[in-house]
Amino acid sequence: MVQVSFTLPVPHDKRAEGAAVQLANKMGIDPAMLVHAKPMSDGFTFFVVYGRVNHLVDLSAVQVVERDFPLLSAKEVNAVVKRRLRRKLSVVGACIGTDAHTVGIDAILNVKGIAGEKGLEYYRELKVTNLGAQVSVPELVEAARVERADAVLVSQVVTQRDAHLHNTREMSAAFREAMPAGRRPLLIVGGPRFDESMAGELGVDRIFGRGTTPGEVASFLVHALVTEKKAKA
Ligand code: B12
């Protein structure tokens, strides 16, 4: 049984309710029950429809990016950085392009964090520079250079006309042009509508999606910059 909601460009009346059920049937919901209808503004109605769907899903065909690094506590992250890196790990974060949605990157970086977890500023061995909203790519590259960034964290929430993809490609190309391979910071992007499997295609090291916690990001930083790097050396 599923429940879906949508808005149709029709004024609210019995005919509109019938249209909502008809649409639900065409979506494969059968029988479909209209459980809520509300006029939104002139000529628009919001609907909630509940019913049975007869399609099957194939779980084995679903592809996801699994976490391939251990989840560490803040104490463990600090201990590994201190012992193995012997200096603070520098992180520079920003929303790039015209994007002003800072809540996501702030959730990861600011002390207050999210979902009961403190953000990266809380980690004693991490040095965080949060550039905020609408940062241009040249500004970001320059800040990364000045701060000797080990990692650059970029947030992209607006996806209209694939802005998040264009901006990410522009950002990764700019870092590749400005810095030689061994000196380039780890490039991480995040936002609710990214496809986490596109990292390679976009030229970044990792993509984090909806519901990411600061602890996951800190653990990945340690894995990629300390544990894995030492193993390769
Ligand atoms: C708050 C908000 C705003 C605020 C932003 C305030 C601020 N300082 O951030 C204001 C009012 C300014 C705003 C403006 C606009 N907004 Co707005 N906004 C929202 C809203 C309601 C919530 C976003 C949010 O804060 N989520 C909470 C955070 C915690 O979640 P998150 O961003 O997903 O972040 C998590 C993960 O994605 C991940 N993550 C995110 N970034 C990163 C980065 C890294 C490095 C990592 C590791 C992880 C990570 O970790 C976070 C924590 O788990 C959404 C709708 C919604 N409910 O999502 C619309 C929404 C994002 N906005 C939208 C739009 C269209 C706009 C405007 C264009 C509206 C307009 N016409 O003016 C403007 C654009 C302004 C601009 N220049 O960017 C659309 C975007 C559509 C799209 N997909 O392109 C949305 C989806 C609303 C909608 N349904 O249409 N908005």
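Residues numbered from 1 in each chain as written. Predicted model: local features only at pLDDT ≥ 70, side-chain atom pairs only at ≥ 80, totals over all residues. Heavy atoms only, no water.

## Thoughts on the packing of aromatic side chains
Phase 1: Applying the stated criterion to the full structure yields 4 aromatic pairs.
Phase 2: Through pairs of rings, three or more aromatic residues link up here, namely F69, F208 and F220.
Phase 3: Just above the ring of Y122 sits the side chain of K118; from NZ or CZ to the centre is 5.7 Å.
Phase 4: The ring of F208 has R206 lying over it, and the distance from NZ or CZ to the ring centre is 6.0 Å. (Phe/Tyr/Trp six-rings, centres within 6.5 Å; stacked < 30°, edge-to-face > 60°. Lys NZ or Arg CZ within 6 Å of the ring centre and 35° of its normal.)

## Focus: the site of the ligand
Phase 1: Taken together, the neighbourhood of the ligand is formed by 28 residues, with A100, H101, S155, T159 and T212 sitting nearest.
Phase 2: Take T102: an N or O atom from its main chain is 2.7 Å from an oxygen atom of the ligand.
Phase 3: The contact in question runs from an oxygen atom of the ligand to an N or O atom on the backbone of V103, over 3.2 Å.
Phase 4: Taken together, the elements giving at least two residues each to the shell around the ligand come down to α3 (103–109) and β6 (151–155). (Near = heavy atom within 4 Å. Polar contact = N/O pair within 3.5 Å; in protein donor to acceptor, adjacent residues only side chain to side chain. Helix = DSSP H or I, 4+ residues; strand = E, 2+ residues; numbered from the N terminus.)

## Focus on the pairing of strand β7 (residues 186–190)
Phase 1: Where burial is concerned, most of β7 is hidden: 5 out of the 5 residues are buried.
Phase 2: Neither face of β7 is left uncovered, since the one carrying L186, I188 and G190 and the one carrying L187 and V189 both have all their residues buried.
Phase 3: The pairing of β6 with β7 spans 5 bridges and is classified as parallel. Looking at β7, one finds that L153 is bridged to I188.
Phase 4: Of the crossover connections in this fold, the one passing from β6 over helix α5 (residues 163–178) to the parallel β7 is right-handed.
Phase 5: Bridging between β7 and strand β8 (residues 206–208) involves 3 bridges; their strand directions are parallel. Paired with G190 across the strands is F208, a residue of β8. (Buried < 20%, exposed > 50% of the residue type's maximum accessible area, 1.4 Å probe, protein only. Pairing = 2+ DSSP bridges. Right-handed = clockwise from strand over helix to strand, strands pointing away.)

## A closer look at helix α4 (residues 137–146)
Phase 1: The set of residues buried in α4 consists of V137, L140, V141, A143 and A144. With its buried residues spanning 165 degrees around the axis, α4 presents them on a single face. Of the exposed residues in α4, the ones pointing more than 90 degrees away from its buried face are P138 and V146.
Phase 2: Against β4 (89–95), β6 and α5 lie the buried residues of α4.
Phase 3: Immediately downstream of α4, the backbone of R148 shows phi near 45 degrees, a positive value. (Arc of directions from axis to C-beta. Contact = heavy atoms within 4.5 Å.)

## Thoughts on the coordination of the cobalt atom of the ligand
Ideal values for angles at a metal depend on the geometry: 109.5 degrees with four tetrahedral donors, 90 or 180 degrees with six octahedral donors.
Phase 1: When only protein atoms are considered, the cobalt atom of the ligand has one donor, H101 (NE2), at a distance of 2.2 Å.
Phase 2: Residue position: H101 is located in the loop between β4 and α3. (Donors = N, O, S within 2.8 Å, 3.2 Å for Na, K, Ca; no water.)

## Comments concerning the packing of α4 against α5
Phase 1: With their axes 10 Å apart at the nearest point, α4 and α5 run at an angle of 45 degrees to one another. By the criterion of interaxial angle, the relationship of α4 to α5 is oblique. Judged by the sense of rotation from one axis to the other, the crossing of α4 with α5 is right-handed. On the side of α4, the interface is formed by V137, L140, V141, A144 and R145, while α5 contributes E170, M171, A174, F175 and A178.
Phase 2: Its residues assigned to classes, the contact of α4 with α5 comprises 8 nonpolar, no polar and 2 charged. (Axes fitted to C-alpha atoms, helices over the stretch in contact; angles between N-to-C directions. Parallel < 35°, antiparallel > 145°, perpendicular 65-115°, else oblique. Left-handed = near helix turned anticlockwise from the far one by under 90°. Nonpolar A, V, L, I, M, F, W, Y, C, P; charged D, E, K, R; others polar.)

## So, the nonpolar core
Phase 1: In terms of nonpolar packing, the biggest core is built from 29 residues, with L89, L109, L120, L153, L186 and L221 touching the most fellow members.
Phase 2: The biggest single contributor to this core is helix α7 (residues 214–232), with 8 residues.
Phase 3: In contact with L186, not counting residues within four places along its chain, are D150, A151, V152, D205, F220, L221, A224 and L225.
Phase 4: Within the second largest apolar cluster, 24 residues are counted, among which are V135, A149, L165 and V204. (Core = buried A, V, L, I, M, F, W, Y, C linked by side-chain atoms within 4.5 Å.)

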